[in-house]
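Each chain is listed here by its residues.
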Amino acid sequence: MEKNFIIAGFGGQGVLLAGEVLATAFMLAGKKVTWYPSYGAEMRGGTVNCEVVASDEEVSAVNKLNTDFIVALNQASFDRFLKKIKKGGVMIANSSLVKELKSRADIDYLFSPITKLAEELGNIKMANILALGVLAKASKMVSLDNLIEALDRVLPPHRKNLLPLNIKALKIGYEYDLLPAGA
């Protein structure tokens, strides 16, 4: 079964790295996968998103009209991609930077204070990986072990010293209580 994921935020939040880690984790799980990054010309501070499509069969395409899961790390991404979630899909939103509003009754909302949790961890730059932990738990589509191995493969050699902190961030996100907003 094919599933689509969009991770979106502003430049500097590590959106593309998170997407690459997710895509690699799916490959490690034996899935067919496509990772499609998109970013504005200004990069840091501009809009950034990436789409990951994972399937047991060949991936049909990217830039789908409708998406199963969206991770919105900021308000602009939440506003922009809300309409792309298919009926029954899930919006995972960083409640540290996104207003907890539910304008659609046909999707699920999971609000998590991703930035706040990363700050409590001691490094705000871990918000992207923390969000992957939340996504892994919510989607039940990728294992924590595959994400950890993917992190090890994707992090460049000069960033390997951050692997233990990234793993901790991943686990914090995965262990965060994911009650739907208003539940």
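See the structure shown above.
Note that the coordinates shown come from a computational prediction; the quantities given were computed from them, not determined experimentally.

A. Spatial organisation of the sheet that holds strand 3 (residues 47-55). Strand order across the open sheet formed by six strands is 2-3-1-4-5-6, with mixed pairing between neighbours. The outermost strands of the open sheet, each flanked by one partner alone, are strand 2 (32-39) and strand 6 (108-112). On average, each strand axis in the sheet is inclined to that of its neighbour by 15°, with strand direction left out of account. The pairing of strand 1 (residues 3-10) with strand 3 spans eight bridges and is classified as antiparallel. In the sheet register, alanine 8 faces strand 3, and the bridge partner there is asparagine 49. Its contacts with the sheet place helix 1 (residues 15-28) against strand 1, strand 2 and strand 3, and it is angled at close to 5° to strand 3.

B. Inspection of the packing of aromatic side chains at higher detail. Tallied over the entire structure, the rule returns five aromatic pairs. Geometrically, the ring pair formed by tyrosine 109 and phenylalanine 111 is stacked, given 6.0 Å between the ring centres and 0° between the ring planes.

C. Structural view of the side chain of asparagine 94. With respect to the helices and strands, asparagine 94 occurs in strand 5 (residues 85-94). Within polar-contact distance, the side chain of asparagine 94 engages the backbone oxygen of leucine 73 at 3.1 Å. Contact partners of asparagine 94, with chain neighbours within four places excluded, come to Ala72, Leu73, Ser112, Pro113, Ile114 and Thr115.

Basis of the calculations
Residues numbered from 1 in each chain as written. Predicted model: local features only at pLDDT ≥ 70, side-chain atom pairs only at ≥ 80, totals over all residues. Heavy atoms only, no water. Pairing = 2+ DSSP bridges. Helix = DSSP H or I, 4+ residues; strand = E, 2+ residues; numbered from the N terminus. Axes fitted to C-alpha atoms, helices over the stretch in contact; angles between N-to-C directions. Contact = heavy atoms within 4.5 Å. Phe/Tyr/Trp six-rings, centres within 6.5 Å; stacked < 30°, edge-to-face > 60°. Polar contact = N/O pair within 3.5 Å; in protein donor to acceptor, adjacent residues only side chain to side chain.

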